[in-house]
Amino acid sequence: MNSTVKRSIFGVLFLAVMLGGLLFHELLYKVLFAFITGGMLYEFYKMTMGNCFRASQKESVSAGIILFLLGNQYFFGGHKSWTIGLGILLVLSIMVCTILEKNHTDFQKTGFLYAGLLYIGLPLALSNAVVCKDGEFSGLLMVAFFCIIWASDVGAYCFGMLLGQKVWPAKMCPEISPKKSWAGFIGGWITVLLAAWILNKTGLLDFPLVHILIMASLMHVMGVLGDLFESLWKRSAGIKDSGNIIPGHGGLMDRFDSALFAIPTGYIYLLLFNLV
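All of the points below concern the structure found in this document. The structure presented is a predicted model; accordingly, all values stated were derived computationally and were not measured. (Residues numbered from 1 in each chain as written. Predicted model: local features only at pLDDT ≥ 70, side-chain atom pairs only at ≥ 80, totals over all residues. Heavy atoms only, no water.)

## A short note on the overall build of the chain
Phase 1: Scanning the chain from N- to C-terminus turns up nine helices and two strands.
Phase 2: The order of α-helices and β-strands along the chain, N terminus first, is α-α-α-α-α-β-β-α-α-α-α.
Phase 3: Compactness check: the chain gives a C-alpha radius of gyration of 19 Å against a globular reference of 19 Å for 276 residues, within 12% of the reference.
Phase 4: The 276 residues of the chain split such that 46% are buried.
Phase 5: Within the chain, contacts between residues separated by at least 24 positions form 70% of all contacts whose residues are at least 6 apart in sequence.
Phase 6: Within the structure as shown, the chain displays about 14100 Å² of accessible surface, and the carbon and sulfur contribution to it stands at 70%.
Phase 7: Of the side-chain charges in the chain, 19 are positive and 15 negative, and the distance between the mean point of each set is 7 Å. (Helix = DSSP H or I, 4+ residues; strand = E, 2+ residues; numbered from the N terminus. Rg over C-alpha atoms; globule rule 2.2 N^0.38 Å. Buried < 20%, exposed > 50% of the residue type's maximum accessible area, 1.4 Å probe, protein only. Contact = heavy atoms within 4.5 Å. Areas by Shrake-Rupley, 256 points an atom, 1.4 Å probe, with all protein chains shown as cover. Lys, Arg positive; Asp, Glu negative; His and termini not counted. Charge placed at Lys NZ, Arg CZ, Asp CG, Glu CD.)

Written out as structure tokens, the structure is:
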């Protein structure tokens, strides 16, 4: 199968799964994002730790999933005290697990266990706030956020291919990601502004337009930085993709690296101006 066709087919399937998980039922959202959390942590630990401390890796992946579910309970269930306490105990349990490992060679690598929870587990656990509206589940704001992120990716790819090769070949960070060009960055920004305007006109983002455009611009910048940050990890590990769970697209980290930076940025902006 042609790589472009394969990428397109699985891109549509990925989009359908994401929309289904965010629009139909809270349970689907929980299952989907718990799977994304666990999958991303698994890829991160495989990339950074290899076969070291396998038991602690599994425990940390489980802890990340539980932290996501605790975050859901925190925002929807109202049991704030015990969810925070249990979250702290989960982090401490990882330390205990590393002590119980038989082989403590390369013990410094255990730092990646906590890096993964901070980099992946915490943002995804707090993403529950985005889908909580007046104590009820609503995935519309999260869908809007992903539309902005996808518009950034598509715009950067298209403008990068059209202009970033010969017309304006200046690279953003060639030592980190050789294919990222300033043409792609500007093109992604233009596409994001267009997407933000459409989201406002359709009522999916029912906030003042100026705030939406500023928020979308900040999300675009942070999304690019999130992509570059993951590229640093992959370059350090000497790999091209974080995984191969999505044919033609790579791993879950490759799909959600931008979201880890962009979604918190968008939501914090809305909080600062009392829009949510």
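## A short note on the packing of aromatic side chains
Phase 1: Evaluation of the coordinates by the stated rule reveals 19 aromatic pairs.
Phase 2: Between Y29 and F137, the ring centres sit 5.4 Å apart and the planes meet at 35 degrees, which makes this aromatic pair tilted. Taken together, the residues Y29 in helix α2 (residues 26–49) and F137 in strand β2 (residues 136–137) connect sequence positions 108 residues apart.
Phase 3: Ring geometry for F112 against W233: centres 5.9 Å apart, planes inclined by 75 degrees, an arrangement best described as edge-to-face. Of this pair, F112 sits in helix α5 (residues 111–126) while W233 sits in helix α8 (residues 209–237), and the two are 121 residues apart along the sequence.
Phase 4: We classify W233 as buried; its relative accessible area is 19%. (Phe/Tyr/Trp six-rings, centres within 6.5 Å; stacked < 30°, edge-to-face > 60°.)

## Focus: helix α7 (residues 182–201)
Phase 1: For α7, which comprises 20 residues, the first-to-last C-alpha distance of 29 Å matches the rise-based estimate of 28 Å (1.5 Å per residue) to within 8%.
Phase 2: Residues of α7 that are buried include every one of A183, G184, F185, G187, G188, V192, A195, A196, L199 and N200, and no others.
Phase 3: Close packing links the buried residues of α7 with α6 (140–163) and α8.
Phase 4: Immediately beyond the C-terminal end of α7, within one or two residues, lies G203, with a positive phi of roughly 85 degrees. (Expected span 1.5 Å × (residues − 1).)

Purely spatial values, then, with no claim about function.
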